[in-house]
Amino acid sequence: MRIGVLGTGNMADALATHWVRAGHEVVVGGRDEERARRLAARLGGGAKAAALREAAAAGDVVLAALPFGAGAEVVRDLGSELRGKALIDCSNPVGPGFRLLTRGGVSAAERLADAAPGVHVVKAFNLCHEDVWRMRPPVFDGRPLAVPVCGDDGPSLACVHRLVRDTGCEPVPGGALERAGLLEATAALFIGLWVGEGADAQAIAPPLAYAAG
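Here we summarise the structure given alongside this text. (Residues numbered from 1 in each chain as written. Predicted model: local features only at pLDDT ≥ 70, side-chain atom pairs only at ≥ 80, totals over all residues. Heavy atoms only, no water.)

Looking now at the overall build of the protein chain. When helices and strands are counted, the protein chain shows 10 helices and 12 strands. Taking 213 residues into account, the globule formula puts the C-alpha radius of gyration at 17 Å, and the protein chain, at 17 Å, falls close to it. If one aligns the C-alpha atoms of the protein chain with their principal axes, the spans along those axes are about 50 × 35 × 35 Å. Long-range pairs, those at least 24 residues apart, make up 69% of the contacts in the protein chain with a sequence separation of at least 6. For the protein chain, the accessible area works out to roughly 10,400 Å², and carbon and sulfur atoms hold 53% of it. (Helix = DSSP H or I, 4+ residues; strand = E, 2+ residues; numbered from the N terminus. Rg over C-alpha atoms; globule rule 2.2 N^0.38 Å. Contact = heavy atoms within 4.5 Å. Areas by Shrake-Rupley, 256 points an atom, 1.4 Å probe, with all protein chains shown as cover.)

Next comes the structure, spelled out in structure tokens:
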């Protein structure tokens, strides 16, 4: 599979590392092409560097590893290159005080979809710090990490499920893209618990057998 990566930060690095190891062709795109070249060199495996537009055009699927404030603008500009493709949004619109910047309105993922009609946005990989994605693989107490995935297009969801498995994790159907805001709110809550309170967020949920009473 050909994967375009928009962004050169930690999430781009961590996720693309798994995908290069799984044998996918990765093209890293950045506004700073020197940073893109450095990241492609670190990834190895034939990963290439390019401008953002070239990376978007090169991928069968594209990862938007972009800050919440910049994502919609970049995707709007690249709409023609992204049309018809799966676009993975891993962003978290979380600000100071662990506040949800969307304020319960349109989710970050839906804003990307609105910015580029015809693009199949899929929300995934937003619930964990990049250090978790650097694990080979992310397995805890013998159980692979579960990754919720939200989206509307069946083939795009299947593609992202495959990429989740290539990180060593298990995809969990999270529903339509309209539920992406729930994932983003969950991230805001969990980050506040983990970082703000030093609490084990995993401990707030009962085992599945007890979840429905």
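This next bit is on helix α9 (residues 180-197). With 18 residues, α9 should cover 26 Å at 1.5 Å per step; its first-to-last C-alpha distance of 25 Å lies within 8% of that length. Considering only its buried residues, α9 is in contact with β5 (86-89), β6 (94-95), β7 (99-100), α6 (108-115), β8 (120-123) and β11 (146-151). Where α9 terminates, the next one or two residues include G198, which has phi positive at roughly 65°. (Expected span 1.5 Å × (residues − 1).)

The volume enclosed by the largest pocket comes to roughly 1,600 Å³. Forming the boundary of the largest pocket are 46 residues, of which L127, C128, L145, F190 and W194 lie nearest the centre. Those elements that provide at least two residues to the lining of the largest pocket are α1 (10-21), α7 (130-133), β10 (143-144), β11, α9 and α10 (208-211). The leading source of residues in the lining of the largest pocket is α9, at 8 residues. Its residues assigned to classes, the lining of the largest pocket comprises 32 nonpolar, 9 polar and 5 charged. Estimated volume of the second largest pocket: approximately 170 Å³. Forming the boundary of the second largest pocket are 14 residues, of which G7, T8, G30, R31 and L66 lie nearest the centre. The residue inventory of the lining of the second largest pocket, partitioned by class, reads 6 nonpolar, 5 polar and 3 charged. (1 Å grid on protein atoms, 1.4 Å probe; cavity = no way out; pocket = protein on both sides within 12 Å on 5 of 7 lines; lining within 4 Å. Points joined across faces, edges and corners; volume = space filled by probe spheres on them. Nonpolar A, V, L, I, M, F, W, Y, C, P; charged D, E, K, R; others polar.)

What follows concerns the environment of G95. Examined against the element boundaries, G95 turns out to sit in strand β6. Along the primary structure G95 and T167 are separated by 72 residues, whereas in three dimensions their C-alpha atoms are 27 Å apart.

With that out of the way, let us pick up the packing of helix α4 (residues 68-77) against α6. Put simply, α4 and α6 touch, their axes get as near as 8 Å, and they point 20° apart. Here α4 is positioned roughly parallel relative to α6, judged by the angle of their axes. As for how α4 packs across α6, the hand of that crossing is right-handed. Touching F68, G71, A72, V75 and R76 of α4 are A108, R111, L112 and A115, all from α6. Class assignment for the residues of the contact of α4 with α6 results in 6 nonpolar, 1 polar and 2 charged. (Axes fitted to C-alpha atoms, helices over the stretch in contact; angles between N-to-C directions. Parallel < 35°, antiparallel > 145°, perpendicular 65-115°, else oblique. Left-handed = near helix turned anticlockwise from the far one by under 90°.)

This next bit is on the side chain of H18. Tracing the backbone shows H18 in helix α1. Among the polar contacts listed, one links the side chain of H18 to the backbone oxygen of W133, at a separation of 2.5 Å. If we skip the residues at most four places from it in the chain, H18 touches W133, M135, D166 and T167. (Polar contact = N/O pair within 3.5 Å; in protein donor to acceptor, adjacent residues only side chain to side chain.)

A few words on the sheet that holds strand β12 (residues 170-173). Spatial ordering of the open sheet is given by β3-β2-β1-β4-β5-β8-β11-β12, a layout of 8 strands whose pairing is mixed. Lying at the two open borders of the sheet, with one neighbouring strand each, are β3 (48-50) and β12. Taking each pair of neighbouring strands and ignoring which way they run, the sheet shows an average axis angle of 30°. Two elements, β11 and β12, share 4 bridges in a ladder whose sense is parallel. The partner of V149 across the bridge, within β12, is P173. (Pairing = 2+ DSSP bridges.)

What the rule picks out here adds up to 3 aromatic pairs. Centre to centre, the rings of W19 and F125 are 5.9 Å apart; their planes meet at 65°, and the pair counts as edge-to-face. Placement of the pair is W19 in helix α1 and F125 in the loop between β8 and α7, with a sequence separation of 106 residues. Residue classification places W19 among the buried positions, given a relative accessible area of 0%. Since its relative accessible area comes to 1%, F125 is described here as buried. Centroid distance F125 to W133: 5.2 Å. Interplanar angle 80°. Geometry classified as edge-to-face. You can call W133 buried: its relative accessible area is 1%. (Phe/Tyr/Trp six-rings, centres within 6.5 Å; stacked < 30°, edge-to-face > 60°. Buried < 20%, exposed > 50% of the residue type's maximum accessible area, 1.4 Å probe, protein only.)

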